[in-house]
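# Descriptive analysis of the structure
One letter stands for each residue in the lines below.
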Amino acid sequence: MTHFAVVAPPLPGHINPLLVLARELTARGHRVTFVHMADAARLIAGKGAEFAPVGEKDYPAGALDAYVARLAAPTGLFGLLGTLKVTAAQTDMLCRDLPGVLKAIGADAVIADQTEAAGTLVARHLKLPVVSTATALPLNREIGVPPPFVPWRYDASEQGLVWNKGGYRITDLLMRPMRRVLERHGAAFGLDPFADGGFSPLLTVAQMPKGLDFPRSELPATFHYGSPWRDGAVVPRMDLALPHVEGMPLLFCSLGTLQGGRIDLFHKVAFAARDVGARLLIAHGGMLSDEEAAQLSGLAEVRSFVPQQEVLKRCAAAVLHCGMNTVLDALAEGVPLVAMPIAFEQPATAARLAYAGVAEVVPAGRASRVRLANALRAVLTVPDYRLAARRIADEMAEGGGVKRAADLIEQAVAGAGA
């Protein structure tokens, strides 16, 4: 048995697939403990893994709600800089306090999501085997590929490389607070925090299939694309009550757990769905008030939560903000997309969806009823979108999902002598 400690941002988009991985590892006889601020316990409780708090003085009760509220707020440059600053503070806390917690719980190995650099650095400091996970867009840097936070198309020309180099320079500038944190703790540990790109030298496992990424030539041999980590557990129980209406395809719209309160965008999508003669189901993740949900109810079916995979089996298309988990769920059912990215890595994910031919892209900042209707009309009527989505679905069906990810992790950790 190996006792795995999981270190990842305390957000459902990262935690939920890692919980699926934790349940798979637990079923194989291992022990899995998630480690982060105390408030994150609510994301783990009753879902098949243990939890250990860290940084309780820095992050008392209510700290996670404050962090999520910051992430959900409109960004802009100053908002983005503020978000990066508070995220760097979390990494600082983890680098400082995580070693003691990992020793106290008796962790044998670490599973560190790529989006939380402290996990890999602390594991190396403690000489624990560590594997990296890419629950969202892979962050492996490669000059031939645009940075994972920009909406640029893939361009292998000399001009494209120039743009990419400039994009990485800007990324490095914005990430300076994080870099300083890692450099300081790396120096204290006697380690280069950016060795192997800051990721595990043993293994990186991704949820995303290769067919959704831009062409790459510099990924290490230890990097493995995959397919969604799903096991059907913890699915909300509800009566969908969505009868078939002849001649009216069903559409699904979700803006994720952070942006589900964007009633302005939901209204635009609802009117666009009406314009193309389709029914719309909106899932807002509990982010709309009852009054706001009632405003939309005359235009669409409105729910707080739905069992996404079940819903998507019935859909002709989906309008998504490009959170990786919902994108993968839709494409696993061969459903073409209208990508409506809002923030963070979502524009870069949308660019990859367009490259794969599975989506029309309408950025949230430029979304209008007319643009959304035109995009919906395209993905509903042009066969190429559904054929491309079906191709990705077939690739994911062969990807092995969470079982293959767990196999790779067991092999890597056993080979490291844990």
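Here the residue numbers are simple positions, counted from 1 along each chain's written sequence. A pLDDT threshold of at least 70 governs which residues receive local features in this predicted model, and a stricter bar of 80 or more applies before side-chain atom pairs are shown or counted, although totals over entire chains, interfaces and linings include all residues. Values shown for side chains rest on all heavy atoms present in the structure; no hydrogens or waters enter the calculation.

## Quick word on the overall build of the protein chain
Helix and strand counts for the protein chain come out as 15 helices and 13 strands. In this setup the radius of gyration rests on C-alpha atoms only. A globule is expected at 2.2 Å times the number of residues raised to 0.38. A compact globule built from 418 residues would reach a C-alpha radius of gyration of about 22 Å, and the protein chain, at 21 Å, matches this within 12%. Dimensions of the protein chain, computed from the C-alpha atoms along their principal axes, are close to 65 × 50 × 40 Å. Partly exposed describes any residue whose relative accessible area lies between the buried limit of under 20% and the exposed limit of over 50%, with all areas from a 1.4 Å probe on protein chains only and scaled to the type maximum. For the protein chain, the proportion of its 418 residues judged to be buried stands at 53%. Residues count as neighbours in contact if any of their non-hydrogen atoms are within 4.5 Å of one another. Within the protein chain, contacts between residues at least 6 apart in sequence are counted, and of these 67% link residues at least 24 apart. Only DSSP runs of H or I with at least four residues qualify as helices, and only runs of E with at least two residues qualify as strands; both kinds are numbered from the N terminus onward.

## Some details on the environment of Ile 409
Relative to the assigned elements, Ile 409 resides in helix α15 (residues 401-415). In sequence terms Ile 409 and Val 130 are 279 residues apart; their C-alpha atoms lie 9.2 Å from each other. Setting aside anything within four residues of it in sequence, one finds Ile 409 in contact with Phe 4, Leu 21, Ile 111, Val 131, Leu 203 and Val 205.

## Comments concerning the pattern of salt bridges
Salt bridges are counted wherever a side-chain nitrogen of Lys or Arg sits within 4 Å of a carboxyl oxygen of Asp or Glu. What the rule picks out here adds up to 22 salt bridges. Glu 50 serves as the salt-bridge partner of Arg 31, at 2.9 Å between the closest nitrogen and oxygen. Residue Arg 31 is found in strand β2 (residues 31-36), and its partner Glu 50 is found in strand β3 (residues 50-53); the two are separated by 19 residues along the sequence. Bridged by salt links that share partners, the residues Glu 24, Arg 28, Lys 403, Asp 407 and Glu 410 form one connected network.

## So, the domain arrangement of the protein chain
In terms of domains, the protein chain is made up of domain 1 (3-227 + 400-417) and domain 2 (250-397). Per the annotation, domain bounds derive from an automatic or database assignment of domains. A straight line from the C-alpha centre of domain 1 to that of domain 2 covers 26 Å. Domain 1 puts 31 residues into the contact, and the matching count from domain 2 is 21 residues. Note on definitions: buried area is the accessible-area loss of two parts on being combined, 1.4 Å probe, summed for both. Note on domain 1 versus domain 2: buried area summed over both sides is about 2,200 Å², and carbon and sulfur give 68% of it. Summed over the shared surface of domain 1 and domain 2, the result is 1 salt bridge. One salt bridge connects Arg 352 with Asp 213, and the closest N-O pair in it is separated by 3.3 Å. For the purposes of these results, a polar contact is taken to be a pair of N or O atoms within 3.5 Å, where, inside protein, one atom must be able to donate a hydrogen and its partner to accept one; residues adjacent in sequence count only when each atom of the pair is a side-chain atom. The tally of links from domain 1 across to domain 2 stands at 6 residue pairs in polar contact (both at pLDDT 80 or more). At the level of elements, α1 (12-27) and α3 (63-72) are the ones that each hand at least two residues to the side of domain 1 that touches domain 2. Only Asp, Glu, Lys and Arg are considered charged, only Ala, Val, Leu, Ile, Met, Phe, Trp, Tyr, Cys and Pro nonpolar, and every remaining residue, Gly among them, polar. By residue class, the composition of the side of domain 1 that touches domain 2 is 21 nonpolar, 8 polar and 2 charged.

## Some points on the sheet that holds strand β1 (residues 3-7)
Strand order across the open sheet formed by 7 strands is β3-β2-β1-β4-β5-β6-β7, with parallel pairing between neighbours. Edge positions in the sheet fall to β3 and β7 (223-224), since each of these pairs with one other strand and no more. Two strands are counted as paired when DSSP detects at least two bridges linking them. Sheet analysis places β1 next to strand β4 (residues 109-113), joined by 4 bridges and oriented parallel. What sits directly across from Val 7, in β4, is Ala 112.

## What about the pairing of strand β8 (residues 250-254)?
Across the 5 residues of β8, 5 count as buried, placing the element largely inside the fold. Where β8 meets strand β9 (residues 279-283), 5 bridges bridge the pair, whose relative direction is parallel. Residue pairing across strands places Leu 250 opposite Arg 279, the latter belonging to β9. Handedness of the crossover joining β8 and β9 through helix α8 (residues 263-275): right-handed. Here, the term right-handed applies to a crossover whose path from the first strand over the helix to the second runs clockwise when the strands point away from the viewer.

## A few points about the packing of aromatic side chains
When we look at a pair of aromatic rings, we describe it by the centre distance and by the angle of the planes. Pairs were defined over the aromatic rings of Phe, Tyr and Trp, the Trp ring being its six-membered one, requiring ring centres within 6.5 Å. Orientation was assigned from the angle between planes: stacked under 30 degrees, edge-to-face over 60, tilted for the rest. What the rule picks out here adds up to 5 aromatic pairs. Ring geometry for Trp 152 and Trp 163: centres 5.3 Å apart, planes at 80 degrees, overall edge-to-face. Placement of Trp 152 in the loop between β5 (130-134) and α6 (158-174) and of Trp 163 in helix α6 is noted, with a sequence separation of 11 residues between them. A ring pair is formed by Tyr 154 and Phe 214, whose centres lie 5.7 Å apart and whose planes are at 35 degrees; its orientation type is tilted. Remark: Phe 214 occurs in the loop between β6 (204-206) and β7 and Tyr 154 occurs in the loop between β5 and α6; sequence separation between them is 60 residues. A relative accessible area of 26% means that Tyr 154 is categorised as partly exposed. Residue class for Phe 214 comes out buried when judged on its relative accessible area of 2%. Taken together through their ring pairs, the aromatic side chains of Tyr 154, Phe 214 and Tyr 355 make up a single cluster. Definition used: whenever NZ (Lys) or CZ (Arg) falls within 6 Å of the ring centre and also within 35 degrees of the ring normal, the charge is taken to sit over that ring. Between the NZ or CZ atom of Arg 179 and the centre of the ring of Phe 194, over which it lies, the distance is 4.1 Å.

## A word on the pairing of β5
Along β5, 5 of the 5 residues are buried, which leaves the element largely enclosed by surrounding structure. Taking every second residue as pointing to the same face, both faces of β5 are buried, with Val 130, Ser 132 and Ala 134 on one and Val 131 and Thr 133 on the other. The pairing of β4 with β5 spans 4 bridges and is parallel. Within β5, the position partnered with Asp 113 by the bridge is Thr 133. Once you follow β4 into helix α5 (residues 117-125) and on to β5, the crossover reads as right-handed.

## Considering the packing of α1 against α15
How two helices pack is summed up by the angle between their axes together with the distance between the axes. The angle between two axes is taken between their N-to-C directions and runs from 0 to 180 degrees, where each axis is a line fitted to C-alpha atoms and a helix contributes only its stretch in contact. Where α1 contacts α15, the two axes come as close as 10 Å, and the packing angle between them is 65 degrees. Judged by the sense of rotation from one axis to the other, the crossing of α1 with α15 is right-handed. Between α1, through Val 20, Leu 21, Glu 24 and Leu 25, and α15, the contact on the second element is made entirely by Val 402, Lys 403, Ala 405, Ala 406, Ile 409 and Glu 410. For the contact of α1 with α15, the residue count by class is 7 nonpolar, no polar and 3 charged. Crossings are assigned a handedness: left-handed for a near helix turned anticlockwise from the far helix by less than a right angle, right-handed for a clockwise turn.

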